[in-house]
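Structural overview
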2 protein chains.
Amino acid sequence: MAISRVAIIGLGLLGGSVGLAIGEFLPDLTTTGFDSDPATRARAGHRALVGTVCGSAAEAVADADLVIFCVPVGSIVSAAREIRDSLPGHTIISDVGSSKQTVGEALAAALPKHTIIPAHPVAGTERSGPDAGFATLFQHRWCILTPGPDVPAEAVADLSAFWEGLGARIEVMDAAHHDLVLAVTSHIPHLIAYTIVGTASDLEEVTRGEVIKYSAGGFRDFTRIAASDPTMWRDVFLHNRGAVLEMLGRFTEDLTAMQRAIRSGDGEALFDLFTRTRDIRRSIIEEGQDDARPDFGRADHGEND
Amino acid sequence: MAISRVAIIGLGLLGGSVGLAIGEFLPDLTTTGFDSDPATRARAGHRALVGTVCGSAAEAVADADLVIFCVPVGSIVSAAREIRDSLPGHTIISDVGSSKQTVGEALAAALPKHTIIPAHPVAGTERSGPDAGFATLFQHRWCILTPGPDVPAEAVADLSAFWEGLGARIEVMDAAHHDLVLAVTSHIPHLIAYTIVGTASDLEEVTRGEVIKYSAGGFRDFTRIAASDPTMWRDVFLHNRGAVLEMLGRFTEDLTAMQRAIRSGDGEALFDLFTRTRDIRRSIIEEGQDDARPDFGRADHGEND
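Below you will find a few notes about this structure. (Residues numbered from 1 in each chain as written. Chains lettered and ligands numbered in written order. Predicted model: local features only at pLDDT ≥ 70, side-chain atom pairs only at ≥ 80, totals over all residues.)

A word on the overall build of chain A. Helix and strand content of chain A: twelve helices and nine strands. A compact globule built from 305 residues would reach a C-alpha radius of gyration of about 19 Å, and chain A, at 21 Å, matches this within 12%. If you line up chain A on its principal axes, its C-alpha atoms span 65 × 40 × 35 Å. Split into buried and exposed, the 305 residues of chain A put 55% on the buried side. A separation of at least 24 residues holds for 73% of the contacts in chain A among residues at least 6 apart in sequence. (Helix = DSSP H or I, 4+ residues; strand = E, 2+ residues; numbered from the N terminus. Rg over C-alpha atoms; globule rule 2.2 N^0.38 Å. Buried ≥ 20, exposed ≤ 12 C-beta atoms within 10 Å, placed from the backbone. Contact = placed C-beta atoms within 7 Å.)

Written out as structure tokens, the structure reads:
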């Protein structure tokens with residue numbers, strides 16, 4: 001593999017996990033890292049998330065073969081500007097953001113002379129910050145690469161080998177298609193979870209204490225998703241606006257149909273939907289993206305570290 | 001406690017867990033049980049969910065001080081009719097259903113001479129059937145009782161002591177209020193989860209394989225909820241129609257506001273909601289209704305049995 005020095009910009013859940021995964025699974029690689037928050041840099045040094053925590057982004061990337069932006073999507077452009085003048089000519093630029101089309105365009109505009117391969121490892125937890133990362137976050141997860149048409153195949157192969165080294169499986173697709181797929185498998189689920197938790201918090205007839213006490217009926221699982229990083233998710237919705245609004249439209253149509261079925265007492269329509277949705281769960285477990293065990297097999301994946 | 005013989009009608013996740021919990025935490029009590037499905041009765045005997053698996057509901061209740069219906073809400077009335085002629089006069093009638101107002105009325109109509117105390121232990125998993133139950137399901141969970149105004153205080157005290165013996169905490173409330181609270185903490189979350197899983201299954205631009213592969217972005221947690229028992233949930237929505245439609249209206253209003261924020265690029269509105277929802281998560285963990293650990297502390301509660 002042509003990549004031997006990796007610079008990680010942003011040392012939260014994702015950046016920290018990339019650093020720890022390199023240390024565990026690709027120990028021959030050298031890692032540098034930077035975070036704009038001094039407290040995060042201190043924690044990153046303490047946890048040894050990367051080999052060297054640098055005092056500036058420019059310093060972190062000075063020798064890098066690969067730079068990975070692990071900051072909220074809305075901060076990538078300013079982060080790219082910070083490193084522009086220190087970046088070696090051969091460096092591959094990538095990221096881990098949850099939306100790809102606008103990010104790819106913004107990176108291309110900010111760093112027009114470099115090879116840019118937007119990437120999205122589809123993995124995460126509801127936790128954030130420098131203490132949240134762990135080395136096995138990417139094991140058995142898919143990492144989607146969305147290189148533009150002019151990117152050399154060799155660079156895509158190098159980045160693929162890197163992510164495979166961290167335990168991920170690779171898929172290459174068009175950025176616009178990525179954004180549509182993730183709108184439905186990630187962005188709309190988060191939007192819905194945030195919204196219902198907000199709705200429940202604002203009720204007058206049902207107290208906040210009641211919502212909390214009786215959350216074991218299903219609500220608590222939504223609160224877990226709705227505990228995800230607010231800045232990251234604000235940026236996702238602002239940057240994947242089109243696909244999110246499109247998929248939200250489909251969802252609300254379907255929800256309206258369910259509302260009508262409940263109002264008219266159409267038990268058959270309800271039963272049909274509730275039966276159909278079991279199959280997809282089975283497939284997800286078979287494909288290894290979740291686990292039927294009560295702890296979802298998370299203990300095996302080292303999240304207790 | 002005045003209750004020494006308990007009959008459990010319906011031996012799925014809930015009925016089986018009640019039986020196993022009695023065996024573990026109230027071993028002096030005698031349990032009988034019945035399920036209309038012969039295969040379920042056979043599994044119930046094999047797992048010893050109750051002391052005696054009976055060949056009919058009438059036989060199961062013949063000596064009971066307490067009968068607990070653990071069948072889908074829509075089947076309670078016919079189950080009540082089956083036992084009417086065999087029921088001792090002093091027996092307390094209860095259930096575990098997720099909606100209470102219509103159930104209480106239906107039980108009162110079917111068994112007008114008996115003491116009826118509808119109950120709802122707010123606990124469960126996405127699994128169902130006679131192999132799904134476990135003894136610790138009710139530990140640290142709330143059990144809501146909704147007795148009518150004419151029910152003797154002593155009977156409420158007896159049923160409360162019974163559930164406390166199984167590890168639950170007791171709350172007594174009005175059935176209509178219960179239905180409103182559970183609509184928001186349980187029924188709407190389930191309806192939303194079922195709907196988004198259905199929406200994702202029906203897309204043409206995004207394949208089913210893609211939905212499955214990239215489900216780790218949040219979607220997989222919804223599929224877990226959407227794997228719950230279809231019959232039980234159909235009945236919940238048909239029996240708690242008013243409260244569900246009311247709460248669904250609030251949710252869709254809030255979702256529309258979020259849609260508008262995304263369309264207009266109002267990052268502040270998004271950030272405000274996404275920040276607000278973190279607090280409620282913290283309170284749920286503090287109150288012991290969920291766990292911040294990766295496995296949600298489920299391993300401690302014996303769900304691996």
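That was the structure; now back to the text.
This brings us to the interface of chain B and chain A. At the interface, 85 residues of chain B touch 85 residues of chain A. Those elements that place two or more of their residues in the side of chain B that touches chain A are α7 (175-202), α8 (208-213), α9 (219-225), α10 (230-239), α11 (241-263) and α12 (267-286) of chain B. Element by element, the count of residues in the side of chain B that touches chain A is highest for α7 of chain B, at 19 residues.

Of the transformation superimposing chain B on chain A, the axial component is 0.0 Å and the angular component is 180°, with the fit at an RMSD of 0.0 Å. Taken together, the turn and the small shift mark the pair as related by a two-fold rotation axis. Here 100% of the contact residues of chain B are again contact residues in chain A; the copies associate through an equivalent surface. (Least-squares fit on C-alpha atoms with pLDDT ≥ 70 in both.)

It is worth spelling out α11 of chain B at this point. Taking 1.5 Å of rise per residue, the 23 residues of α11 of chain B would be expected to cover 33 Å, and the 32 Å separating its terminal C-alpha atoms lies within 8% of that figure. All of the buried residues in α11 of chain B are A243, V244, M247, L248, F251, L255, M258, A261 and I262 of chain B. On its buried face, α11 of chain B is in contact with α7 (175-202), α10 (230-239) and α11 (241-264) of chain A together with α7, α10 and α12 of chain B. At the C-terminal side of α11 of chain B, G265 of chain B shows a positive phi close to 70°. (Expected span 1.5 Å × (residues − 1).)

Residue and element names in this part refer to chain A. Taking every second residue as pointing to the same face, both faces of strand β4 (residues 66-69) are buried, with L66 and I68 on one and V67 and F69 on the other. Bridging between strand β1 (residues 5-9) and β4 involves four bridges; their strand directions are parallel. Of the residues in β4, the one forming a bridge with V6 is L66. As a crossover connection, the stretch from β4 through helix α4 (residues 76-83) into strand β5 (residues 92-95) is right-handed. (Pairing = 2+ DSSP bridges. Right-handed = clockwise from strand over helix to strand, strands pointing away.)

With that out of the way, let us pick up the packing of helix α4 (residues 76-83) of chain B against helix α5 (residues 101-110) of chain B. Residues and elements named next belong to chain B. For the pair α4 and α5, the least separation of the axes is 9 Å and the interaxial angle reads 25°. Classified by the angle between their axes, α4 and α5 sit roughly parallel to one another. In this structure, α4 crosses over α5, and the sense of that crossing is right-handed. Contacts between α4 and α5 involve I76, V77, A80 and R81 from the first element and V103, A106, L107 and A110 from the second. For the contact of α4 with α5, the per-class residue count stands at seven nonpolar, no polar and one charged. (Axes fitted to C-alpha atoms, helices over the stretch in contact; angles between N-to-C directions. Parallel < 35°, antiparallel > 145°, perpendicular 65-115°, else oblique. Left-handed = near helix turned anticlockwise from the far one by under 90°. Nonpolar A, V, L, I, M, F, W, Y, C, P; charged D, E, K, R; others polar.)

The next subject is helix α5 (residues 101-110) of chain A. For α5 of chain A, the complete set of buried residues consists of Q101, T102, V103, G104 and L107 of chain A. Contact partners of the buried residues in α5 of chain A: α4, β5, β6 (115-116), α7 and α10 of chain A.

Only a minority of non-glycine residues have a phi that is not negative, and only a minority of peptide bonds are not trans. All names here are of chain A. One non-glycine residue, H140, lies in positive phi territory at about 65°. With respect to the secondary-structure elements, H140 resides in the loop between β7 (119-121) and β8 (142-145). By C-beta crowding, H140 is classed as partly exposed, having 15 other C-beta atoms within 10 Å.

In this structure, I9, V67 and I188 of chain A together with I9, V67 and I188 of chain B are the most contacted members of the largest nonpolar core, which totals 198 residues. Sequence-distant contacts of I188 of chain A, that is, excluding residues within four places in its chain, are made with A183, V244, M247, L248 and F251 of chain A together with I196 of chain B. (Core = buried A, V, L, I, M, F, W, Y, C linked by C-beta atoms within 7 Å.)

Two numbers describe a pair of packed helices, the interaxial angle and the distance between the axes. Running from N to C, helix α12 (residues 267-286) of chain A and α10 of chain B cross one another at 140°; their axes reach a closest spacing of 9 Å. By the angle class used here, α12 of chain A and α10 of chain B are oblique. Here the hand of the crossing between α12 of chain A and α10 of chain B comes out right-handed. Counting all contacts with α12 of chain A, which are made through G267, L270, F271, F274 and T275 of chain A, the residues of α10 of chain B involved are P230, W233, R234, F237 and L238 of chain B. Each residue belonging to the contact of α12 of chain A with α10 of chain B can be placed in one class, and the counts come to seven nonpolar, two polar and one charged.

This brings us to the sheet that holds strand β8 (residues 142-145) of chain B. Residue and element names in this part refer to chain B. The strand order across the open sheet built from three strands is β7-β8-β9, with neighbouring strands paired in mixed fashion. Each edge of the sheet is formed by a strand with only one pairing partner; in this case those strands are β7 (119-121) and β9 (169-172). The mean angle between the axes of side-by-side strands here comes to 20°, regardless of whether they run parallel or antiparallel. Across three bridges, β7 lies against β8 in antiparallel orientation. Across the sheet, the residue bridging to P121 is C143, located in β8.

Take the sheet that holds strand β3 (residues 52-53) of chain A next. All names here are of chain A. In spatial order, the strands read β3-β2-β1-β4-β5-β6; together these six strands make up an open sheet with parallel pairing. The two strands at the open ends of the sheet, each matched to only one other strand, are β3 and β6. One ladder, built from four bridges, connects β4 with β5; its direction is parallel. The residue of β5 that forms the bridge with L66 is I92. Packing of helix α6 (residues 153-165) onto the sheet brings it into contact with β4, β5 and β6, and relative to β5 it is tilted by some 50°.

Below, the discussion takes up the environment of A175 of chain B. Residues and elements named next belong to chain B. Looking at the secondary structure, you find A175 in helix α7. A175 sits in the buried class, given 21 other C-beta atoms within 10 Å. For the pair formed by A175 and W142, sequence separation is 33 residues and the distance between their alpha carbons is 15 Å.

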